[in-house]
Amino acid sequence: MIRVCGLSFRYANQSSNALRHVEFDIRAGEMVLVSGPTGCGKSTLGLILCRAIPTLIPGDLAGRVWVNDKSIEGLSVREMARELGFLLQNVEHQTFTERVSDEIAFGLENFCVPPEHMATRIEESLRLVQGSHLLNRRLATLSAGERQRVMLAALLALNQRVLVLDEPLAYLDLEAQERFVTLMDRLSKKGKTILIFEHRRDALQAFAQREIYLTDGCIRPEPCVWSQFKKVRDYKAKSTVLAFEDVSFAWGNHKDPLFADISFEVKQHESVVLLGENGSGKTTLMHLAMGLAKPCRGRIITCDHEVGRVSVSQISRKAAYVFQRPDHQLYQPYVQDEIRSGSVDGDAVHRELAALGLEGLEKRHPRSLSMGQKRRLTLAAALARQPKLILLDEPSVGQDDASLAMIIRRLDDFLRDGGTLLTATHDFRVAMALAHRTIELKSGGMEQR
Amino acid sequence: MFLHQDTPATIIHRLHPFTKMAVGTVFSGLALCLYRPLALAVLLGFMLVVLAVARVRLSPRQWFSIGLFLSVISTLNFLASHDTCHATAYAMRFAVFLTAVPILALTTDPRQMTQALSQTPLPGGLAMALILVWRFFPLMAEEARQMRQAALLRGSAAGGVAMRIYRGMLVPLAFCVIDYTDRITLALELRGFTPAQRRTCHRPLKAGAADVVFSAAALLAAIVSAWVQWEGF
């Protein structure tokens, strides 16, 4: 179904190849996992398969690719889209309409599907991703995980024979991940050819018939899967650093609260992991803790400050919040300046760069880094300021196993040195490694374990 | 992500975009011709009722900003003309323009706009470009909101006010625009969009009874305002 022969590619203005002599064959109905560390060339391979390279992204391309027994040479991206469906890595900025149903219909309209067939295909594709309840929702109100499901539904509605999915598990909660993997397994058994580009080898390796492991643009034998990371050590918990007292929150124009009467404490030296389905309010809870959103009821104490009575910048002198999307927090022209800002000295900059695998990138512009590197950079900038509390939103997205291990190791040191950590994650391995305790947001309430 | 909940669609949301465009254009044109405050108040009153029916809610800060803007306009006008009536009419004319824009922008989704534009002789590519621009502003507003939050968290560590605006807002926003353009181009092509090709339509737009009622009410408001201006009180 897919045949790749002697494929090499070098981006324009780059000195080294992103892919080097890659060769593989994939049969119809096969589900193949394409994995490898950050920057190994996975996304480049995907972009070549969908013809974005070289038609939209210039560079030197060598080798040949066949899809459905036809050479893809000379095809445009939209011609290729008839044969091969491609789910892009980042679900932000890929939507064209306001509502979920219209978004799924958009591709069908482009493929000239008769209007009388559209409703069935939209409902069917949403049912496949267990997203029927999202049908009439506005896209702007969906969480990243819900949006990822909608984009997958939009792809499935087009019914191409080959699916290429770039990091489809990134924002999915554990339950949604399991449903996704089962769905892909079922589709491949029905004859669809599926390529999944993913860091999360542990979640997919059991289902994929084969794995293609890329390192530095070449196919290499795959290393062992890291099914778990070294857990952070237990420290004696001390004074309370973050406290929620009977906190309720509802959106401005909604009667039903997102959560009601939530109370919990996080103490010094403690690491608490926030769990919950997509859209359960994990990020909102972090916004509340920093004073970026206001609760309807209740009291929040962050680092001895009552939220709402002091300014956000006063709270952020003692607490750091690392966003889900790092781009909004990067504002300096060099990586080293991003960490140095404030009263951080040069030694601390080098220490953080080394601890989080960013050495050698000091003089790079932060925007030129990969998504995983940007995330580690925003974390390094937060750690260098030596806050009492760090709120960490989805730290594992875009991280390969080795990078994730580095992050966990550094966070362990942060806890040892008196820090406190509240992490929101969908990654079960991260939750296992970081949690002294977990808080699960569920049906407007919470459950502590 | 930090989320906002769904707002329900109202009768104004369901109107044909051309009906809203026509009313907005006619009212803006008429506002340019009227000079009596009471006549302009009729138009403004109609627009405010439409905004209320459409459940367009403004925050106290937005009301304050609009009020301040209109006060400045009327004060400057009064200083130039020494005519209270003229200054009031001038500010009210601005208020009519200001209300006409959100009626269309906040109650028309891009899909409706695409379909409405595709019924015109505009080339398909141009129609899609207009839609993407239509979507661009709310998306960038959301990006700017998150950047503001990041700037708040940084506080004075980011330097002086000018540096904070330049590095904290303008530079990230510029990157964001470039990123948006790249992504959207690729995403459009991956979803099989071709500007020139024929497309089918999931939910065709039709003008209905609500459009007739809305147009009639708007026409009545226009006639009353014209009567107040040229015949009236």
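Residues numbered from 1 in each chain as written. Chains lettered and ligands numbered in written order. Predicted model: local features only at pLDDT ≥ 70, side-chain atom pairs only at ≥ 80, totals over all residues. Heavy atoms only, no water.

A tally of helices and strands in chain A yields 15 helices and 20 strands. Over its C-alpha trace chain A gives a radius of gyration of 23 Å, about what one expects of a compact globule, namely 22 Å for 449 residues. Across its three principal axes, chain A shows a C-alpha extent of roughly 65 × 50 × 35 Å. The buried share of chain A, reckoned over its 449 residues, is 61%. Once local pairs closer than 6 in sequence are excluded, the contacts in chain A between residues at least 24 apart make up 71%. Here chain A has roughly 17400 Å² of accessible surface; of this, 47% comes from carbon and sulfur atoms. For chain A, the distance from the average site of its 59 positive side-chain charges to the average site of its 56 negative ones is 1 Å. (Helix = DSSP H or I, 4+ residues; strand = E, 2+ residues; numbered from the N terminus. Rg over C-alpha atoms; globule rule 2.2 N^0.38 Å. Buried < 20%, exposed > 50% of the residue type's maximum accessible area, 1.4 Å probe, protein only. Contact = heavy atoms within 4.5 Å. Areas by Shrake-Rupley, 256 points an atom, 1.4 Å probe, with all protein chains shown as cover. Lys, Arg positive; Asp, Glu negative; His and termini not counted. Charge placed at Lys NZ, Arg CZ, Asp CG, Glu CD.)

Below, the discussion takes up the side chain of His-328 of chain A. Summarising the element assignment, His-328 of chain A is placed in the loop between strand E16 (319–322) and helix H11 (335–340). Overall, His-328 of chain A belongs to the buried group, its relative accessible area being 2%. Looking at His-328 of chain A, its side chain comes within polar contact range of the side chain of Glu-143 of chain B, at 2.5 Å. Within the structure, His-328 of chain A has its side chain in polar contact with the side chain of Gln-146 of chain B (distance 3.1 Å). What His-328 of chain A contacts, discounting residues up to four positions off in sequence, is Phe-323 of chain A together with Glu-143, Gln-146, Met-147, Ala-150 and Arg-154 of chain B. (Polar contact = N/O pair within 3.5 Å; in protein donor to acceptor, adjacent residues only side chain to side chain.)

Residue and element names in this part refer to chain A. If you trace the 6 strands from one edge of the open sheet to the other, you get E16-E17-E18-E13-E19-E20, paired in mixed fashion. Strands at the two margins of the open sheet, each flanked by one partner only, are E16 and strand E20 (445–448). Neighbour to neighbour, the strand axes of the sheet diverge by 15° on average, direction disregarded. Bridge count for strand E13 (residues 271–276) against strand E19 (residues 437–442) is 5 bridges, and the pairing is parallel. Among the inter-strand pairings, Gly-276 is bridged to a residue of E19, identified as Leu-441. Packed on one face of the sheet, helix H14 (residues 401–416) meets E13, strand E17 (389–393) and strand E18 (420–424) and runs near 145° to E18. (Pairing = 2+ DSSP bridges. Axes fitted to C-alpha atoms, helices over the stretch in contact; angles between N-to-C directions.)

Turning next to the packing of aromatic side chains. Tallying each qualifying case throughout the model produces 10 aromatic pairs over all chains. For the pair Phe-249 of chain A and Phe-259 of chain A, a centre-to-centre distance of 6.2 Å together with 40° between the ring planes defines the contact as tilted. Of this pair, Phe-249 of chain A sits in strand E11 (residues 240–249) while Phe-259 of chain A is found in strand E12 (residues 259–267), placing the two residues 10 residues apart along the sequence. Phe-259 of chain A shares its class with Phe-249 of chain A; the two are buried. Centroid distance Phe-94 of chain B to Phe-97 of chain B: 6.4 Å. Interplanar angle 70°. Geometry classified as edge-to-face. Of this pair, Phe-94 of chain B and Phe-97 of chain B are both found in helix H4 (residues 84–105), 3 residues apart, which corresponds to roughly one turn of the helix. With relative accessibility at 28%, the residue Phe-94 of chain B sits in the partly exposed group. Three or more aromatic residues link up through ring pairs in this structure, and these residues are Phe-69, Tyr-90, Phe-94 and Phe-97 of chain B. The residue whose ring lies beneath Arg-3 of chain A is Trp-66 of chain A, and the NZ or CZ to ring-centre distance is 5.0 Å. (Phe/Tyr/Trp six-rings, centres within 6.5 Å; stacked < 30°, edge-to-face > 60°. Lys NZ or Arg CZ within 6 Å of the ring centre and 35° of its normal.)

All names here are of chain A. Summarising burial for E19: 5 of the 6 residues are buried, a large majority. Where E19 and E20 come together, 4 bridges link them in antiparallel fashion. Bridging across to E20, Lys-442 finds its partner in Gly-445.

Another aspect to go through is the sheet that holds strand E15 (residues 305–306) of chain A. As a general point, the strands of a sheet are linked pairwise by backbone hydrogen bonds and lie either parallel or antiparallel. All names here are of chain A. In space, the 4 strands of this open sheet follow the order E12-E11-E14-E15, with antiparallel pairing throughout. On the outer flanks of this sheet lie E12 and E15, each paired with one strand and no other. The pairing of E11 with E12 spans 6 bridges and is classified as antiparallel. Of the residues in E12, the one forming a bridge with Phe-244 is Phe-264. Strands E11, E12 and strand E14 (297–302) of the sheet are contacted by helix H9 (residues 282–290), whose axis makes an angle of about 115° with E11.

Take the packing of helix H4 (residues 100–110) of chain A against helix H6 (residues 144–158) of chain A next. Residue and element names in this part refer to chain A. Remark: H4 packs on H6, axes separated minimally by 8 Å, with the N-to-C direction vectors making an angle of 35°. When you trace H4 past H6, the crossing you get is right-handed. Contacts from Val-100, Glu-103, Ile-104, Gly-107 and Leu-108 of H4 reach H6 at Val-150, Met-151, Ala-153, Ala-154, Ala-157 and Leu-158. Partitioned by chemical class, the residues of the contact of H4 with H6 number 9 nonpolar, 1 polar and 1 charged. (Left-handed = near helix turned anticlockwise from the far one by under 90°. Nonpolar A, V, L, I, M, F, W, Y, C, P; charged D, E, K, R; others polar.)

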